[in-house]
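Coordinate inspection notes
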Amino acid sequence: MNSALIEFRDVHKAFGANAVLKGVDLSIYAGEISTIIGKSGIGKSVLLKHIIGLLAPDSGQIFFDNVALDRMSGVQRKAMKITCSYMFQGTALFDSMTVYENIALPLREHRKYPAKEIRSRVREKMAQLDIAGIENSYPSQLSGGTKKRVAMARALITEPRVVLFDEPTTGLDPIRKAAAHQMIVDYQKQFGFTAIMVSHEIPDVFFISQRIAMLDEGRIIFQGACKEIQTSQHPAVREFLDSAARANGLCPESGKRNGGSDATR
Amino acid sequence: MRSTNASSPWLNPLPMIQTMGRKTIEFIERLGRIGLFAVTGAIHLFSWPWQWEKILAQVYFIGSKSIFIIGLTGAFTGMVLGLQGYYTLVKFGSEGLLGAAVALSLIREMGPVLTALMVVARAGSAMAAEIGIMRISEQIDALETMDIHPVRFLFSPRLGAAIISFPLLTAMFDVIGILGGYATGSLLLGLKTGTYFGRVESSVVMHDVSGGFLKSLCFAVLVTTLCCYEGYYTHLREDGFGAKGVGMATTTAVVVSSVVVLIADYVLTSFLL
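Every residue gets a number counted from 1 within its own chain, in the order that chain's sequence is written. Chains and ligands are labelled by the order in which they are written, letters from A for the one and numbers from 1 for the other. Only residues with pLDDT of at least 70 are given local features in this predicted model, and only at 80 or more are side-chain atom pairs given and counted; all residues enter the totals for whole chains, interfaces and linings. For the side-chain quantities, the full set of heavy atoms in the structure was used; hydrogens and water were omitted.

A run of DSSP states H or I qualifies as a helix once it reaches four residues; a run of E qualifies as a strand once it reaches two. Both are numbered from the N-terminal end. For chain A, the count of helices and strands is nine helices and twelve strands. Atoms considered for the radius of gyration are the C-alpha atoms alone. The globule rule reads 2.2 Å times the number of residues to the power 0.38. For a compact globule of 265 residues, the expected C-alpha radius of gyration is about 18 Å, and chain A comes in at 19 Å, within 12% of that figure. On the principal axes, the C-alpha backbone points of chain A span a range of 55 × 50 × 40 Å. Each residue gets one of three labels from its accessible area relative to the maximum for its type: buried under 20%, exposed over 50%, partly exposed in between, using a 1.4 Å probe on protein chains only. Counting every position in chain A, which comprises 265 residues, the buried fraction comes to 53%.

We now examine the environment of S209 of chain A. All names here are of chain A. Along the chain, the position of S209 falls in the loop between α7 (204-208) and β9 (211-216). Residues S209 and Q61, 148 residues apart in the sequence, show an inter-C-alpha distance of 25 Å. The contact criterion used throughout is that any non-hydrogen atoms of two residues lie within 4.5 Å. Apart from the residues within four sequence positions on either side, S209 is in contact with I33, T35 and C226. Between N or O atoms, a polar contact is any pair within 3.5 Å; within protein, one atom must be a potential hydrogen donor and the other a potential acceptor, and residues adjacent in sequence are included only when both atoms are from side chains. Within the structure, the side chain of S209 is placed 2.5 Å from the side chain of T35, a separation counted as a polar contact.

Moving on to the nonpolar core. Nonpolar side chains in soluble globular proteins tend to end up buried together. Only buried Ala, Val, Leu, Ile, Met, Phe, Trp, Tyr and Cys residues count toward a nonpolar core, and they belong to the same one when joined by side-chain atoms within 4.5 Å. Grouped together as the largest cluster of nonpolar side chains are 90 residues, with contacts concentrated most on I6, F8, V24, L26 and I196 of chain A together with F166 of chain B. With 14 residues, the single largest contributor to this core is helix α4 (residues 98-136) of chain B. Among residues more than four places away in sequence, those in contact with F8 of chain A are V24, D25, L26, L47, H50, I51, Q61 and I62 of chain A. Formed by 47 residues, the second largest nonpolar core is a distinct cluster that contains I37, L142, L172 and M214 of chain A.

Right, let's get into the interface of chain B and chain A. With 17 residues of chain B at the contact, the number on the chain A side is 21 residues. When chain B packs against chain A, the two sides together hide about 1700 Å² of surface, and 57% of this comes from carbon and sulfur. Reported buried area values correspond to the accessible surface (1.4 Å probe) lost by two parts on association, with both partners' losses combined. In terms of surface lost to chain A, no three residues of chain B exceed T145, M146 and D147 of chain B, which account for 37% of the buried area on that side. The term salt bridge refers to a pairing of a side-chain nitrogen on Lys or Arg with a carboxyl oxygen on Asp or Glu at a separation within 4 Å. The tally of links from chain B across to chain A stands at three salt bridges. Residues D147 of chain B and K78 of chain A are paired through a salt bridge, measuring 3.0 Å at the closest nitrogen-oxygen approach. Inspection of the region where chain B meets chain A yields six residue pairs in polar contact (both at pLDDT 80 or more). Secondary structure elements with two or more residues in the side of chain B that touches chain A: α4 and α5 (139-145) of chain B. A per-element tally of the side of chain B that touches chain A places α5 of chain B first, with six residues.

Here we take up unusual backbone geometry. Here the residue pair I202 of chain A and P203 of chain A is connected by a cis peptide bond, since its omega of 10° sits within 30 degrees of zero. Positionally, P203 of chain A belongs in the loop between β8 (194-198) and α7. Going from W48 of chain B to P49 of chain B, the amide bond is cis rather than trans, its omega being -5°. Looking at the element boundaries, P49 of chain B is found in the loop between α1 (14-44) and α2 (52-63).

Turning our eyes to something else, we now look at the sheet that holds strand β5 (residues 67-68) of chain A. Residue and element names in this part refer to chain A. Taking strand neighbours across the sheet as the criterion, the four strands line up as β2-β1-β4-β5 in an open arrangement whose pairing is antiparallel. Two strands lie at the open edges of the sheet, namely β2 (18-28) and β5, each paired on one side alone. Sheet analysis places strand β1 (residues 6-15) next to strand β4 (residues 59-64), joined by five bridges and oriented antiparallel. Across the sheet, residue R9 finds its bridge partner in β4, namely Q61. Against the sheet, helix α1 (residues 44-52) contacts β1, β2 and β4, and its axis sits at roughly 120° relative to β1. We call two strands paired when DSSP finds no fewer than two bridges between them. Axes here refer to lines fitted to C-alpha atoms; in helices the fit is confined to the stretch in contact. Angles between the N-to-C directions go from 0 to 180 degrees.

Residue and element names in this part refer to chain A. Under the convention used throughout, the expected extent of a helix is 1.5 Å for every residue step, that is, one less than its residue count. Taking 1.5 Å per residue as the helical rise, helix α6 (residues 174-191) with its 18 residues ought to reach 26 Å, and the 25 Å between its terminal C-alpha atoms agrees with that figure. Those residues of α6 that fall on the buried side of the exposure criterion are K177, A180, H181, M183, I184, V185, Y187 and Q188. For α6, the capping residue at the N-terminal end is D173, with a side-chain oxygen 3.0 Å from the backbone nitrogen of I175. The positive-phi residue at the C-terminal boundary of α6 is G192, with phi of around 70°.

Whether parallel or antiparallel, the strands of a sheet pair through hydrogen bonds between backbone atoms. All names here are of chain A. The strand order across the open sheet built from six strands is β6-β7-β8-β3-β9-β10, with neighbouring strands paired in mixed fashion. Among the strands making up the open sheet, the edge pair consists of β6 (84-87) and β10 (219-224). Averaged over all neighbouring strand pairs, the angle between strand axes comes to 15°, with direction disregarded. Where β9 lies against β10, five bridges are found, and the strand directions are antiparallel. Paired with D216 across the two strands is R219, which belongs to β10. Strand contacts of helix α9 (residues 235-247): β3 (33-37), β9 and β10, with the helix running at about 105° to β9, the strand carrying the most contacts.

Below, the discussion takes up the side chain of K125 of chain A. Residue and element names in this part refer to chain A. By the element assignment, K125 lies in helix α4 (residues 115-128). The side chain of K125 is buried and forms no salt bridge, while E159, the nearest opposite charge, is found at 4.8 Å. What K125 contacts, discounting residues up to four positions off in sequence, is A153, L156, I157 and Y187. When charges are counted, neither His nor the chain ends are considered; positive counts come from Lys and Arg and negative counts from Asp and Glu.

Okay, α4 of chain B next. At L106 of chain B, α4 of chain B shows its strongest bend, of approximately 55°. Within two residues after α4 of chain B, E138 of chain B carries a phi angle of roughly 65°, on the positive side. Two axes enter the definition of the bend at a residue: one is fitted to the seven residues ending there, the other to the seven starting there, and the bend is the angle between them.

Spelled out as structure tokens, the structure:
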């Protein structure tokens, strides 16, 4: 197996007395879609924020391309940040800027392209995400689902090597959710980026991810292929998957809908 | 029966000393953070690529949009000075010195200080609130993930704009204030126009103007740094989170900036005299 692109080694993180990560060991491989699942409030977003450097571990190390984040020089860290992109759970769109300005911001600030090129890239990305025509709207004028797609456009506009998606499809209707998942898969195939996704969309994420990791009580209790997690007998994994299956109207274990039709594609 | 109160700070001073020590360390840490914030913002004023467009937008917000309120306060401050000065000086038969009294009061002290206080109220509070909301809604985190330096993006243009705007607004305040003094002293109370402006011309020297200019520059840096700092570090507050935290940050920004302007005015005056 190839060496991991991103690796967590015994990472601990606490906020005051609240220990969120209690020794996380996790490997993310290049060119794959890896999804982190787990109960709400268990620390999945905290885990993701460690990768991009928004949070630093209390102890343990995180390696990016075999270089520890805390030992990176300023230049290395800058190079790493340029290759990564992050889509926030709450979208984190700039509410005083229009949709166009939001998506164009990373390109404008880094002055890599002339204004004409930036305009054509933003328009292309907006068309791909089905949000053309709202260039001059402000985020507060948009629905939750549209905001998500604008945030996704902003995350993908720089054509990053690693994209971190924090619950990218929460709040989307089933059609747009499937479209967003399909887009992630298509883009991942087209550009070959590494996607790390936090999601509750089970079983949907099993169809688009190459690798699943489950965070529970501050530790990664499972990491492996999607088929492996579905047959895992770990009690916490089982409980989580069965609950998700019940919530989706599927028969636990079999992954079939209660009516008997096959839910898996 | 005599009872001893073990919790009295006089019998057991250790907790009180610990609290004082902790507060002192927190205060020094805060000063250090403010200093680093100011230096980082100042350095990024000159880092490539230049942020002229953002600085101009902030000049419009801090400077241009403050013109009306500065003009209004300048006029009424000068008019009050004219009235009070005239009735005080006339007792000593020195009403001819009214122009000098109004001009020197405004140029040396009241112009820079009142301009700074008005800009704190109008633009400083808005800076703290805007940056504070960006902090709590993860917009500042989003900047970091895009490799956009948040201090450079948010603070440096405001600092540059304040350095340009404060002296200009102060100059405007001074001129309108002198005209306000003329309106009450000469037009209302009958002092000769030539006497009023002759005294203004003969009493004001370059040192007074440059002192006021230096004060306005210092106030620009202090006010912008403190207001932006309070917004930027809203999430570190222990007395309020979310919208309440932003409200508290805005209040702190206005109160601290206003007090610091008055303290700095005293310190600068003592050096300039």
